[in-house]
Amino acid sequence: MGTSPIISFRQLLSEVPRGTPLGISDLQVRGLNAKQAARYAQDGWLKRLGHGVYALPGDQLDRDASLAWLTRVIPGLHVAGKTALAWRGLRHNLAFQPRLNLWGNQPAKLPAWFTATFPATYQTTHLFDDTMPPTLGLAPLPAGREDVLVSTSERALLELLSDVGKGQGLEEARHLVESARTLRLPVLEELLGHLQRIKVARLAHALAEELELPWRSLAQQHSARLGGGLRWVTTTPSGERLDLKRPA
C-alpha cells in the first residue's frame, strides 16, 4: 500500500524546517522512495530543485540549510576566504550581492539550484600539506549551525591571499590584512607551519612587513622555510604587479 500524499506532506511539514533542501535519503527516512518523490513533485506536493533534490512547495531556500546539505555531498566544503572574513566581522567593501567563497577537498560543481539563489564560487586549492588536521582553522560561527564550517580569521586570511591574482585584488586584500589585528598567533603559526604555497607565504610576509603587523616574524620564518627562487613575479588580471622576494 502506498503512502498517502496528504499524510506524507503533513509529516514533512512537521519534521523539516522550512527552507531545507531534501535529498532522496532525507525523504527515504520519512517513508518516501525515489519514485514516490518524483510522483509527488509531478502532483505539486514537492518542488524539484535538481536531480534527486527537492524542497517543500512554496519554500524559499535558507542559505545555511543549503550549505549544510552541500557539506554532506562535497567533502571538506567550508566557507572560506573573503566570505569567511566578512562573516567573522572583517570586511572592506560591501558588495550589493557578494559571492560566497566556498572551498572543498575534491573537484565538484555547485548545483544550479544553489547558485541560482546564492551566487558562489568553489575551488579546491590545496594550501596546506597532508599532515594538517582537516578541521584546523575551521569552526561554526558563534551563533551559527554546527554543520556549517567557516574558516577562522587566521585560515581565511591565508585563503584570501591565495586568491590574489585570481580575481581578488591586491589593494582590497591589503586593507583586510591590515584590519585583522586580533589574529590568534598560535593558530596562525600552526597554519603557517602546514602552508605549502610559496606565493601565499611571501605575500603574507610582504604585507606583514609593510603594515608592521605583530606576526611578521612568523611570516618571514615560514616564507624562508618554503624557499623557492629569489623572486616570484606575476601580473594580476587587473594589471597589478606582484614582485615577491625571498626573505634574506
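Going by the structure above, here's the rest.
Let me begin by describing the structure that accompanies this report. (Residues numbered from 1 in each chain as written. Predicted model: local features only at pLDDT ≥ 70, side-chain atom pairs only at ≥ 80, totals over all residues. Heavy atoms only, no water.)

**Let's talk about the layout of surface pockets**
Okay, step 1: Of the voids in this model, the second largest pocket is the one considered here, and its volume is about 410 Å³.
Okay, step 2: Lining of the second largest pocket is provided by 21 residues; of these, Asn 105, His 126, Met 132, Pro 134 and Arg 155 occupy positions nearest its centre. (1 Å grid on protein atoms, 1.4 Å probe; cavity = no way out; pocket = protein on both sides within 12 Å on 5 of 7 lines; lining within 4 Å. Points joined across faces, edges and corners; volume = space filled by probe spheres on them.)

**Structural notes on the packing of aromatic side chains**
Okay, step 1: By the definition in use, this model includes three aromatic pairs.
Okay, step 2: Summarising the aromatic geometry, the rings of Trp 113 and Phe 114 are spaced 6.2 Å apart at their centres and angled 85° between planes, so their arrangement reads as edge-to-face.
Okay, step 3: Judged by its relative accessible area of 9%, Trp 113 falls in the buried class.
Okay, step 4: Judged by relative accessible area, Phe 114 falls into the buried class, the value being 0%. (Phe/Tyr/Trp six-rings, centres within 6.5 Å; stacked < 30°, edge-to-face > 60°. Buried < 20%, exposed > 50% of the residue type's maximum accessible area, 1.4 Å probe, protein only.)

**Let's talk about the nonpolar core**
Okay, step 1: Leu 102, Phe 114, Leu 157, Leu 161, Val 177 and Trp 215 are the most contacted members of the largest nonpolar core, which has 56 residues in total.
Okay, step 2: Apart from residues lying up to four places away in sequence, Val 177 is in contact with Leu 157, Leu 161, Leu 207, Leu 211, Leu 213 and Trp 215.
Okay, step 3: Within the second largest apolar cluster, 11 residues are counted, among which are Phe 9, Leu 22, Leu 27 and Leu 56. (Core = buried A, V, L, I, M, F, W, Y, C linked by side-chain atoms within 4.5 Å. Contact = heavy atoms within 4.5 Å.)

**Thoughts on the environment of Leu 77**
Okay, step 1: The residue Leu 77 is located in the loop between α4 (63–71) and β4 (78–79) in this model.
Okay, step 2: Residues Leu 77 and Thr 124, 47 residues apart in the sequence, show an inter-C-alpha distance of 9.3 Å. (Helix = DSSP H or I, 4+ residues; strand = E, 2+ residues; numbered from the N terminus.)

**So, the packing of helix α7 (residues 153–163) against helix α8 (residues 170–179)**
Okay, step 1: Contact geometry of α7 with α8 gives a least axis separation of 10 Å together with a crossing angle of 165°. Here α7 is positioned roughly antiparallel relative to α8, judged by the angle of their axes. Considering the relative orientation of α7 and α8, their crossing is left-handed. Contacts between α7 and α8 involve Leu 157, Leu 160 and Leu 161 on the former and, on the latter, Ala 173, Leu 176 and Val 177.
Okay, step 2: Class assignment of the residues belonging to the contact of α7 with α8 gives a composition of six nonpolar, no polar and no charged. (Axes fitted to C-alpha atoms, helices over the stretch in contact; angles between N-to-C directions. Parallel < 35°, antiparallel > 145°, perpendicular 65-115°, else oblique. Left-handed = near helix turned anticlockwise from the far one by under 90°. Nonpolar A, V, L, I, M, F, W, Y, C, P; charged D, E, K, R; others polar.)

In short, shape yes, function no, at least from these values alone.
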